[in-house]
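So the chains spell out like this:
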Amino acid sequence: MIPPGCARALATAGLLGLLVCAVAAAPVDENTVRAIGADLRCVVCQSLSVADSPSETANQMRGIIRERLAAGDTPEQVKAYFVDKYGLWILLAPPRQGFNLLVWIVPFAGLAAGLVVLALLVRRWTRRPAGGATAPGVAVDEAMRARIHREMNEMNR
Amino acid sequence: MTHAPELGYALTVAALALAVYGCSVSAVGAASGRLALRRSSERAAIGVFVLTTCCILLLVYAFLTFDFSIRYVASNTNRGTPFYYRITALWGALEGSIILWAWMLSVYTLIVVAQYRRRQPEFYPWVLAVMLGIAAFFFLVMTIPAPPFARLTPIPPDGRGLNPLLEDSGMITHPVALYLGFTGFTVPFAFAMAALISGRTGDEWITITRRWTIIAWYFLSLGLLIGGWWSYHVLGWGGYWAWDPVENAAFMPWLTATALLHSVMIQERRRMLKLWNLTLIILTFGLTLFGTFLTRSGIIGSVHAFSQGSVGQFFLAFLALVLLGSFSLLAWRFDRLRGQTQLDSAVSRESAFLLNNVLLLAATFTVFFGTVFPLLSEAVRGVKVSVGAPFFNLVNIPVFLALLFLMGVGPLIAWRRASADNLRRNFLKPVIVGIVAAGVLRLLGIGNALVLLCMALVAFVTVTIALDFFRAVRARRRTAPGWLSAAGGLLLNQNRRYGGFVVHLGILVVALGVAGSQAWSVQTETTLEPGQSVELAGYRVRFDRLAASEESNHFKVTGTFTVANGRDSLAVLAPAKKFYPQEQTPIAYVDYRLGLIEDLYVVLGDFARDGSHATIKVQVNRMVSWLWIGGLILTLGAALAILPDRRRPA
Amino acid sequence: MSFPRHAGRWLIPLAVLPVLILLAYGFRTNPRDVPSPLIGKPAAPFSLRAFDGESLSLEALRGRVVVVNFWASWCVPSCYEEAPALERGWLAYKDRGVALIGVNIQDKEEPAKKFLAEFGHTFPNAPDPAGRVSVDYGVYGVPETFFIDRAGRIRFKHVGAITDEVLKRNVDALLAEPA
């Protein structure tokens, strides 16, 4: 079910280890590395981020993120470096500009449209006069009213 | 020299022919009213079941006897594959998955024959025609683009072997549960089509298929959760959901099916929304086909993709036929379906369910749009982009939180018109508890706003459920001997309602698991020499030694790590690396210590041959077990909901 | 409902068509085939130590047509298929101002050397231990081959096992250009 290349890479948790304590130069916040990694796509596994993927490639990319942060790059610059090398698809979500703005806007627009349609429909449906015994103003005798009340309570449980 | 490939192929063609015959005969019989044709199609359905079962048995026999003259057997097992995996290898790859689907369809068709031939004479022939027609498509796929019995010449001495990641309990059960869910929706869909074709567009199709929908929904939920469990305990990244295109494709029908489960209640009570419910079942069934299309066409890259060849085109053509055909039927019968929809008030259970539907459909649309956007971008601009977790999480989280809120409101708000009294009685206390819970958690140090909101909503919903249950039991106590029998009687008599509540509780537990694991999990990566330890979140993990061993079809290196919490040694974990001859790189196997609140998770990375050092990744994942517990609760709820009605006639 | 009695309802099935068309378009694309943004851009400099100890640097090769091939010993079968073609290409072009460098990624020394010995490669091969060079070139799988012109710009990228024809065609094209 899983193509050999990706699954193997996915489950291979690093042929070469990364010595966290061996990073020299400026102290790098691991959380920043993870945050940047979470926005980058692991190139050998279609949907995992560089932060999550246990593959060797992701390992190496995390190392490069650390290096660049230690050399003074800002997170934006690190991401821009990867985009230069791989193209826009290395980002796990497209940047919010141009055509790609569509993917960010359309779902919310869809939700808003759905809510508006719902509101309009509900308004139309509640305005229709209700035919039948529940119409207000119809005289109902007391015993009948009490019985209706009781049975409705029963139904509403 | 076996003739299994030819025999299997013959069986497949025969099944195809019989299914096509049964479908046409049933349709003609339905249209003309000739009983004899009806009987003939029933026999065809039985024949299809028998033939498909023979195909499966033949294939399993081939697996068990190492018959490598069949290409599928040779690609998915070798002489070292353990016995039980040789059986489950049946659904390990494309061709086998199709045959499993076809077999499940034939079983369901048989059940439909048995259950409905006497009880639903008007619908039943059309239902049979539709189901046999769908089965015929799958047999067609088995005959042309993806034949499971294709011969392999020359016959190799040994097979390639099963993908090692599939040698796991999760992969034995996940496809089966998922397919039971997918194929389960065929029955309500067939009934809906029968309703449209025959013109009997009343509410019967919904009442008849209620249990089918719940069961299919349940298996789909189970399949998704087991998939998450498999991802979590085998793949080594410590996560359970990656918004992978194929995961999304299985999630979308689940969302629309959930919407359907709720809106049918409006149709049952108020006879409204016929058009909408038919649309929902068509969408749900269509999305199950879309999911299988996505897995097999290779058009969107994915961890799951089997793909190859022209299978994708067959599925797209069929998907087009189904969607265009069923929506055209809908358009044709449009006039009969327009209801006299009236609502008494915008504040009512009907509105709550309608809002539920809008939110679920919005989530479905989001997932769909995000999944196909890379394709759209390439088609329009020629630029490849990726749409992954950051997008899906951002857009879906608000929708799911709103749905959580509705889970508390829906079951208790009155039908038709909720009075201020009704609202106050049912919701004041839960709202207060929710706000207080948020405050308390904030004081306890939880700062993440989304997590706080989620927890507050969970508290709110839990209190609504508890309050309602308590009041109902108390009312029942007047006529029952004791609390326990009152509670038991209540559950059994109103099993639909309380089954639903238990299912909601299950979802709440899953929601807590998701929120907690996303917000509070931590990890680290380090290289250790024997005797050295690493610390994380109060655990100390000490590297003891490496050991190598030879297994039936692979070579294994296991690292032994002792985990301690303060002074006490808690566990010894043994993550391993398995080297399979047919795989290029070794596969890492995690070891973990599961707990109610936190799981300790260790993955073995690189190591020195002489055992002088090993690199490990240690994770402390919190609240993940709640996902699986939620699944168990869901099971109980679904089981309760499908019990036969014991309500005394009103 | 205010849907027109006849025509409007057929919008429902028609609405499905755009989606189906988009999905059909999907058959023409290959999700694994990603165009490189580096074509036409200056190639990133690298300096590596070959397996035999020699120092390799891209800067030193300026003025020659440079072919950089990324491979791994676990890359079966493609790297094994293309290896003889690379050696043949090297022998044919090495005296014509062309440099060929093999970069071994995500591999261990032993299997890599075994690979080189098996094919008897005479052109320089170096490991890329931390993956810096492979990321610098936007490598996402093996094998991949880059063709760099005399001015140091990446001009072509070939993904997958390379053949004699592709090698010849690209190198000839770059050799034909004025220095």
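The rules behind these values
Counting of residues starts from 1 at the beginning of each chain's written sequence and follows it residue by residue. Key to labels: chains lettered from A, ligands numbered from 1, both in the order written. Owing to the predicted nature of the model, reporting of local features is limited to residues with pLDDT of at least 70; listing and counting of side-chain atom pairs is limited to 80 or more, with chain, interface and lining totals taken over all residues. Only hydrogens and water are removed before side-chain values are computed, so all heavy atoms of the structure are retained for them. Runs of H or I in DSSP of at least four residues are treated as helices and runs of E of at least two as strands, each being numbered from the N terminus. Only the protein chains shown count as cover for residues, with accessible areas throughout obtained via the Shrake-Rupley method and a probe of 1.4 Å. Note on exposure labels: buried denotes an accessible area under 20% of the residue type's maximum, exposed denotes more than 50%, and partly exposed covers the range between, all computed with a 1.4 Å probe on protein chains only. The contact criterion used throughout is that any non-hydrogen atoms of two residues lie within 4.5 Å. Under the convention used here, Asp and Glu are negative, Lys and Arg are positive, and both His and the chain ends fall outside the count. For charged residues, the charge sits on one atom: NZ in Lys, CZ in Arg, CG in Asp, CD in Glu. Here, a salt bridge means any side-chain nitrogen of Lys or Arg that lies within 4 Å of a carboxyl oxygen of Asp or Glu. Two strands qualify as a pair provided DSSP detects at least 2 bridges between them. Patch definition: residues above 30% relative accessible area lacking any salt bridge, with like charges linked at up to 9 Å and the nonpolar side chains Val, Leu, Ile, Met, Phe, Trp and Tyr linked at up to 5 Å. The buried area of a pairing is the accessible area, by a 1.4 Å probe, that goes missing from both parts when the two are put together, added over both. For this scheme, ten residues count as nonpolar: Ala, Val, Leu, Ile, Met, Phe, Trp, Tyr, Cys and Pro. Four count as charged, namely Asp, Glu, Lys and Arg, and the remainder, Gly too, count as polar. Cysteine sulfur atoms are paired as a disulfide whenever they fall within 2.5 Å. Take the buried residues of types Ala, Val, Leu, Ile, Met, Phe, Trp, Tyr and Cys, join any two whose side-chain atoms come within 4.5 Å, and each joined set is a nonpolar core. Fitted lines through C-alpha atoms serve as axes, helices being fitted only where they are in contact, and the angles separating the N-to-C directions of these axes extend from 0 to 180 degrees. In what follows, roughly perpendicular refers to angles from 65 to 115 degrees, roughly parallel to angles under 35, roughly antiparallel to angles over 145, and oblique to any angle outside these ranges. Definitions for this section: a left-handed crossing has its near helix turned counterclockwise from the far helix by less than a right angle. A right-handed crossing has that turn clockwise. Just so you know, the domain bounds were taken from an automatic or database domain assignment. Under this definition, polar contacts are N or O atom pairs within 3.5 Å; protein pairs additionally need one hydrogen-donor-capable and one acceptor-capable atom, and for neighbouring residues in sequence, both atoms have to be side-chain atoms. Centre distance within 6.5 Å is the pairing criterion for rings of Phe, Tyr and Trp, where only the six-membered ring of Trp is used; planes under 30 degrees apart are then read as stacked, over 60 as edge-to-face, and the remainder as tilted.

Participant: Can you help me understand the overall build of chain A in this one?
Facilitator: The number of helices and strands found in chain A is six helices and zero strands. Element order for chain A, N to C, with α for helix and β for strand: α-α-α-α-α-α. Put simply, chain A shows about 7,800 Å² of open surface, and 63% of that area lies on carbon and sulfur atoms.

Participant: Sorry if this is basic, but what is going on with the overall build of chain B here?
Facilitator: Helix and strand content of chain B: 20 helices and ten strands. Its C-alpha atoms put chain B at 75 × 75 × 60 Å along the principal axes. For chain B, the residues scored as buried account for 62% of the 650 residues in total. Across chain B, the fraction of contacts at a sequence separation of at least 24, relative to all contacts at a separation of at least 6, is 72%. For chain B, the computed accessible surface area is about 24,100 Å², with 64% contributed by carbon and sulfur atoms. Here chain B holds 53 positive side-chain charges and 33 negative ones, and the gap between their average locations is 14 Å.

Participant: Explain the environment of Val28(B) to me, please; I cannot follow it from the model alone.
Facilitator: All names here are of chain B. With respect to the helices and strands, the residue Val28 is situated in helix α1 (residues 4-32). Distance from Val28 to Ala547, taken between C-alpha atoms, is 68 Å for residues 519 residues apart in sequence. In this view, Val28 contacts Gly33 and Leu37; residues no more than four positions away in its chain are not counted.

Participant: Sorry if this is basic, but what is going on with the pattern of salt bridges here?
Facilitator: Side chains that differ in sign of charge can pair as their charged atoms come close. Applying the stated rule across the entire model yields 26 salt bridges over all chains. With its nearest N and O atoms 3.6 Å apart, the salt bridge here joins Glu525(B) to Arg62(A). Here the residue Glu525(B) occupies a position in strand β1 (residues 522-528), and Arg62(A) occupies one in helix α3 (residues 56-70), the pair thus bridging two chains. Glu525(B) gets classed as buried once you look at its relative accessible area, which sits at 13%. Its relative accessible area of 7% is what places Arg62(A) among the buried residues. Shared partners join several salt bridges into a network, and the residues in it are Arg270(B), Asp344(B), Glu350(B) and Arg416(B).

Participant: Explanation requested: the pairing of strand β10 (residues 614-622) of chain B in the structure shown.
Facilitator: Regular strands show a simple pattern: their side chains alternate between the two faces of the sheet. Residue and element names in this part refer to chain B. Within β10, nine of the nine residues are buried, leaving the element largely enclosed by the surrounding structure. Both faces of β10 are covered, namely the face carrying Ala614, Ile616, Val618, Val620 and Arg622 and the face carrying Thr615, Lys617, Gln619 and Asn621. Note that β1 and β10 share seven bridges and pair antiparallel. Considered in β10, the bridge of Gln523 is made with Gln619. With eight bridges joining them, strand β9 (residues 598-607) and β10 adopt antiparallel strand pairing. When the bridges of β10 are listed, Leu604 appears paired with Ile616. Taken together, β9 and the strand that follows it, β10, pair antiparallel across an intervening segment of six residues, in which Gly611 is found at a positive phi of about 75°.

Participant: Can you help me understand a positive patch on the surface in this one?
Facilitator: All names here are of chain B. On the surface, a cluster of positive charge is contributed by Arg425, Lys429, Arg474 and Arg478. With respect to the helices, strands and loops of the structure, Arg425 is situated in helix α16 (residues 420-443). With a relative accessible area of 47%, Arg425 lands in the partly exposed category.

Participant: How should I be thinking about the interface of chain C and chain B in this particular structure?
Facilitator: Accessible area lost upon the coming together of the parts serves often as the stated size of an interface. Residue-level contacts link 27 residues of chain C with 33 residues of chain B. Both sides of the chain C and chain B interface together cover about 2,700 Å² of buried area, and 73% of this is carbon and sulfur. Every element with two or more residues in the side of chain C that touches chain B is listed here: α1 (11-14) and α2 (17-25) of chain C. The element contributing the most residues to the side of chain C that touches chain B is α2(C), with seven residues. Of the residues that constitute the side of chain C that touches chain B, the class distribution is 20 nonpolar, three polar and four charged.

Participant: Before we go on, may I ask you to explain the state of the cysteines in this structure?
Facilitator: Simply put, the disulfide is a covalent bond whose two ends are the sulfur atoms of two cysteines. Applying the stated criterion across every chain yields a total of one disulfide over all chains. Between Cys75(C) and Cys79(C) runs a disulfide, and the two sulfur atoms are separated by 2.2 Å. Measuring handedness by torsion sign, the sulfur bridge of Cys75(C) and Cys79(C) sits at about 95° and is right-handed. Given the relative accessible area of 4%, Cys75(C) is considered buried. The closest cysteine sulfur to the non-disulfide-bonded Cys23(B) is located on Cys55(B), 19 Å from its own sulfur.

Participant: Explanation requested: the nonpolar core in the structure shown.
Facilitator: Across soluble globular proteins, you tend to see nonpolar side chains buried next to one another. Grouped together as the largest cluster of nonpolar side chains are 219 residues, with contacts concentrated most on Phe82(A), Phe138(B) and Phe290(B). It is helix α6 (residues 124-143) of chain B that contributes the most residues to this core, 15 residues altogether.

Participant: So what exactly am I meant to see when it comes to the sheet that holds strand β5 (residues 125-128) of chain C here?
Facilitator: What holds strands together in a sheet is hydrogen bonding between their backbones, with the strands either parallel or antiparallel. All names here are of chain C. Reading across the sheet, the five strands line up as β5-β4-β3-β6-β7 and stay open at both edges, with mixed pairing between neighbours. The two strands at the open ends of the sheet, each matched to only one other strand, are β5 and β7 (154-159). Strand after strand, the sheet turns through a mean of 20° between neighbouring axes, direction not considered. Across five bridges, the pairing between strand β6 (residues 144-148) and β7 is antiparallel. By the bridge assignment, Phe147 is partnered in β7 with Phe156.

Participant: What is the right way to look at the packing of α6(B) against helix α12 (residues 311-332) of chain B in this model?
Facilitator: Helix packing for two helices is described by the angle between their axes and how far apart those axes are. Residue and element names in this part refer to chain B. At a minimum axis separation of 11 Å, α6 and α12 run at an interaxial angle of 165°. Put simply, α6 runs roughly antiparallel to α12. In this structure, the crossing between α6 and α12 has a hand that is right-handed. For the pair α6 and α12, contact is made by Ile134, Phe137, Phe138, Leu140 and Val141 and by Phe314, Phe315 and Phe318, respectively. Among the residues forming the contact of α6 with α12, the class breakdown is eight nonpolar, no polar and no charged.

Participant: Whenever I open this one, the sheet that holds strand β8 (residues 591-593) of chain B confuses me. Can you help?
Facilitator: Residues and elements named next belong to chain B. The four strands are arranged β1-β10-β9-β8 in an open sheet whose pairing can be described as antiparallel. Among the strands making up the open sheet, the edge pair consists of β1 and β8. Sheet twist, expressed as the mean angle between neighbouring strand axes with direction ignored, is 20°.

Participant: Just to check I follow, could you spell out the domain arrangement of chain B for this structure?
Facilitator: All names here are of chain B. By the assigned domains, chain B splits into domain 1 (1-167), domain 2 (175-338 + 355-362 + 375-388), domain 3 (419-520 + 630-642) and domain 4 (522-623). On the domain 4 side, the residues contacting the five residues of domain 3 number four residues. A buried area of about 370 Å², summed over both sides, lies between domain 3 and domain 4, and 63% of it is on carbon and sulfur atoms. Inspection of the region where domain 3 meets domain 4 yields zero salt bridges. The interface formed by domain 3 and domain 4 contains two residue pairs in polar contact (both at pLDDT 80 or more). Among the residues forming the side of domain 3 that touches domain 4, the class breakdown is two nonpolar, three polar and no charged.

Participant: Even after reading the chapter, I still don't get unusual backbone geometry, so can you show me in this structure?
Facilitator: Across the chain, the bulk of peptide bonds are trans and the bulk of non-glycine residues have phi less than zero. Here the bond from Thr153(B) into Pro154(B) is cis, since omega is -5°, no more than 30 degrees from zero. Positionally, Pro154(B) belongs in the loop between α6 and α7 (169-184). Omega for the peptide link from Val142(C) to Pro143(C) comes to -5°, which places this bond in the cis form. Its place among the elements puts Pro143(C) in the loop between α5 (132-136) and β6. Here the phi dihedral of Phe66(B) falls at roughly 55°; this positive angle occurs in a residue that is not glycine. Locating Phe66(B) in the fold gives a position in the loop between α2 (35-64) and α3 (71-76). Here Arg271(B), not a glycine, exhibits a phi torsion of approximately 60°, which is positive. With respect to the element layout, Arg271(B) can be found in the loop between α10 (245-270) and α11 (274-297).

Participant: I'm lost on the packing of α2(B) against helix α5 (residues 94-116) of chain B in this one. Help?
Facilitator: All names here are of chain B. Following both chains from N to C, one finds α2 and α5 inclined at 145°, their axes separated by 9 Å at the closest point. The chirality of how α2 crosses α5 is left-handed. Across the interface between the two elements, Glu42, Ala45, Ile46, Val48, Phe49, Thr52, Thr53, Cys55, Ile56 and Leu59 from α2 touch Ile99, Ala102, Trp103, Ser106, Val107, Thr109, Leu110 and Val113 from α5. A class-by-class count of the residues in the contact of α2 with α5 yields 13 nonpolar, four polar and one charged.

Participant: Honestly, the packing of aromatic side chains in this entry has me stumped. Any pointers?
Facilitator: The description of an aromatic ring pair rests on the distance of the ring centres and on the angle between the ring planes. In total, this model carries 53 aromatic pairs over all chains according to the counting rule given. Measuring from ring centre to ring centre gives 5.6 Å for Phe99(A) and Phe373(B), while their planes differ by 20°; the resulting arrangement is stacked. Of this pair, Phe99(A) sits in the loop between α4 (75-86) and α5 (101-127) while Phe373(B) sits in helix α14 (residues 349-381), which puts the two residues in different chains. Across the pair, exposure class does not vary: Phe99(A) and Phe373(B) are buried alike.

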